[in-house]
Structure formats: structure tokens, C-alpha cells
Amino acid sequence: MSEDQKIAVVTGANKGLGFETCRQLAKQGIKVILTSRSEEKGKAAAEKLQAEGLDVTYHQLDVSNPSSISLFAEFMQHEFGKLDILVNNAGVWLDTESSVLKANLETLQKTIETNLYGPFLVSQALIPLMKVHNYGRVVNVASGAGQLAEMQTGYPTYRMSKTALNALTKITGNELAGTNILVNSVCPGWVKTDMGGANATRTVEQGVDTIVWLATLPDGGPTSGFFRDRQPFAW
Ligand code: NAP
């Protein structure tokens, strides 16, 4: 790879929005590290993109497992010594209970573990690889379901996890203000994936548009924001 080729890491990328984000970033000439918790599924996904002629490498990464995150950060440090783009995409929607008064603590813990602790630990492990060359674009894939401005009822554990993820975005972005590391959250809309279901209104291509836009923002672009359809979106 050439020295100025950008490197991107996408979590939860064996399918859905993560997979399509890898494809779109690689199509722009970016070297993409496609990661997934299941090595088998992730390798198959990476091979599919490699067969399209794209520069995609596979590595295992379970964002709910701190040792998997450490191993991955060591790999990135050793192999590349830097990182340009991080898309914290991996997420779960485990709610089967729609009432917050009946929701199960274990479901909340498992959801938070992946949707908040995951991006929190992955950011701690990988943002230092952006600081070394003062360039970084971090995209946290949140959801309108976590919007406090429009908070409704239903799937409470998922909603709370995404609100917390937005807090992580804002705190991290504020802490890095004045650097060339831009940190933003995105709501992809309701997208036809295994999570979004067949009735969703958007294709994966439409769903990743703002993710890819935020991942490739020019210097001086927005940071500490929440976006949908490339426009600021109320927290
Ligand atoms: P998806 O098709 O269900 O994909 C979710 C991905 O996350 C899968 O690859 C899954 O891996 C992975 N994942 C789950 N837990 C993980 C872990 N511990 N470590 C690593 N990867 C893990 O869902 P999607 O619609 O593409 O969702 C992607 C993101 O968009 C999520 O954060 C979701 O909350 C958000 N979002 C989606 C929608 C929508 O309408 N689809 C709307 C708003 C926000 P496995 O295949 O191994 O399960």
C-alpha cells in the first residue's frame, strides 16, 4: 500500500450497514479492515469484496470482548502503525419487551455491553493510532431511537444504549476539539438489514450514505455532531 493511502476499520462488518460501508469506503481507494465477531462470517464477507477487486483485509474483532479489542489494536499498531477512519457500527437490538417497567436488566446489560462499552473500548484502543498523525474520522452508528429530543416508548434498552452512545460521541469529540480528529454520530434511517427488517424504508446503499460522508469529511469538517441525511439531527 502507498504511504498516503487511508486506512479504515469497520466493526460488525460481516453484513448489513457495516458490510456496505466497507464496500463504499474501499471503492474510494481506502484500505479497509473488515472486522466481525465471527471469523467464518467475516472472512467470507471480506472475500466477497476482494472478489470485486477491492482492497479489503479481514481481522476478528468482538467489541464485547476486551481481549479481542486489545489483540486487534496490537495488530493495527504492528501492521500499520496508524489509523485514519473508525466506524463503530457493530450493534445489537435485543429488546423483546416494549415496557421499560418490565424490561430485563440482563437485556440492558448485554445491549449496553455491545452498543456502548464496545465503541468506548474500541475508541480508547484505536484513537491513539489517529493521534500519531493528527488525522482521524470516527463515526458512531447511533439511531433516531436514541434521540432525547424525540424520545418515545418501546424497545427501552436499545434506546438507552444509543442515547449513551451519543454521549460518548459528544464527549470524545469535545476532548479532541482543535485536532484533526473528527468524531460524529449518525442515524442511518430505517434500513433493510437483518436488524431493520424487510419493511424498512431504506436500502443499505441509502443507509450508509451519511456514514461514508462522515468517514471521509474534509479537514475542518464538523465534529461532536449527530447527523442524518448529511444534515445536523437533534440529540
Ligand atoms: P445487522 O444487519 O443486524 O448487523 C449488525 C452487525 O453487528 C452484525 O455484523 C453483527 O454480527 C455485529 N455485531 C453484533 N454484536 C457484535 C459484537 N459484539 N462484536 C462485533 N460485531 C457485532 O444490523 P444493521 O442494521 O446493519 O446495524 C448496523 C448498525 O446500525 C447498528 O449499530 C444498528 O443499531 C444501527 N442502526 C440500524 C438501523 C436499521 O434500520 N437497520 C437503524 C438505526 C441504527 P453477527 O452477524 O455476528 O451478529
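Residues numbered from 1 in each chain as written. Predicted model: local features only at pLDDT ≥ 70, side-chain atom pairs only at ≥ 80, totals over all residues. Heavy atoms only, no water.

### Some details on the overall build of the protein chain
Across its full length, the protein chain carries seven helices and eight strands. A fraction of 70% describes how many contacts in the protein chain between residues 6 or more apart in sequence connect residues 24 or more apart. Per element, the accessible surface of the protein chain, about 11000 Å² overall, is 51% carbon and sulfur. Charge centroids of the protein chain, computed over 21 positive and 23 negative side chains, lie 5 Å from each other. (Helix = DSSP H or I, 4+ residues; strand = E, 2+ residues; numbered from the N terminus. Contact = heavy atoms within 4.5 Å. Areas by Shrake-Rupley, 256 points an atom, 1.4 Å probe, with all protein chains shown as cover. Lys, Arg positive; Asp, Glu negative; His and termini not counted. Charge placed at Lys NZ, Arg CZ, Asp CG, Glu CD.)

### Some details on unusual backbone geometry
Note: most residues except glycine have negative phi, and most peptide bonds are trans. Backbone geometry at Asn 134 places phi at a positive 45°, although glycine is not the residue there. Mapped onto the elements, Asn 134 comes out in the loop between α5 (128–131) and β5 (136–141). For Asn 134, a relative accessible area of 39% puts it in the partly exposed group. With phi around 50°, Asp 229 is a residue other than glycine that occupies positive phi space. Position of Asp 229 among the secondary structure elements: in the loop between β7 (225–228) and β8 (231–232). We classify Asp 229 as partly exposed; its relative accessible area is 41%. (Buried < 20%, exposed > 50% of the residue type's maximum accessible area, 1.4 Å probe, protein only.)

### Here's the deal with the state of the cysteines
This model, assessed by the stated rule, comprises zero disulfides. Of the cysteine sulfurs around Cys 22, a residue in no disulfide, the closest is that of Cys 187, at 20 Å. Judged by relative accessible area, which is 0%, Cys 22 ranks as buried. (Disulfide = S-S within 2.5 Å.)

### A closer look at the environment of Ser 68
Here Ser 68 lies in helix α3 (residues 66–79). Measuring from C-alpha to C-alpha, the distance between Ser 68 and Met 160 comes to 25 Å, with 92 residues separating the pair along the chain. Leaving out residues up to four positions away in the same chain, Ser 68 has contacts with Gln 60, Leu 61 and Asp 62.

### With respect to the site of the ligand
Of all residues adjacent to the ligand, which total 29 residues, the nearest are Asn 14, Arg 37, Asn 89, Tyr 158 and Thr 193. Within the backbone of Gly 91, one N or O atom sits 3.4 Å away from an oxygen atom of the ligand. Surface burial for the ligand is 94%, taken as the share of its 900 Å² of free accessible area covered by protein chains. In this structure, the ligand is accommodated by the largest pocket. When contributions to the shell around the ligand are tallied by element, the ones reaching two or more residues are α1 (16–27) and α6 (156–175). Considering only residue class, the shell around the ligand consists of 12 nonpolar, 11 polar and six charged. (Near = heavy atom within 4 Å. Polar contact = N/O pair within 3.5 Å; in protein donor to acceptor, adjacent residues only side chain to side chain. 1 Å grid on protein atoms, 1.4 Å probe; cavity = no way out; pocket = protein on both sides within 12 Å on 5 of 7 lines; lining within 4 Å. Sits in = over half its atoms within 2 Å of the grid points. Nonpolar A, V, L, I, M, F, W, Y, C, P; charged D, E, K, R; others polar.)

### Details of the pattern of salt bridges
On inspection of all chains with the given rule, the structure shows 10 salt bridges. Of the charged contacts, one joins Asp 84 and Lys 82 as a salt bridge, the two residues approaching to 2.9 Å between their closest N and O atoms. In this pair, the class of Asp 84 matches that of Lys 82, namely buried. Residues Asp 229 and Arg 202 are paired through a salt bridge, measuring 2.9 Å at the closest nitrogen-oxygen approach. Placement of the pair is Asp 229 in the loop between β7 and β8 and Arg 202 in the loop between β6 (181–186) and α7 (204–215), with a sequence separation of 27 residues. Each of Glu 20, Arg 23 and Glu 52 takes part in a single network of salt bridges with overlapping partners. (Salt bridge = Lys/Arg side-chain N within 4 Å of Asp/Glu carboxyl O.)

### Focus on a nonpolar patch on the surface
Taken together, the side chains of Trp 93, Tyr 155 and Met 195 present a nonpolar region at the surface, about 260 Å² in accessible area. When its relative accessible area of 35% is taken as the criterion, Trp 93 is described as partly exposed. (Patch = residues over 30% accessible without salt bridge, like charges linked within 9 Å, V, L, I, M, F, W, Y side chains within 5 Å.)

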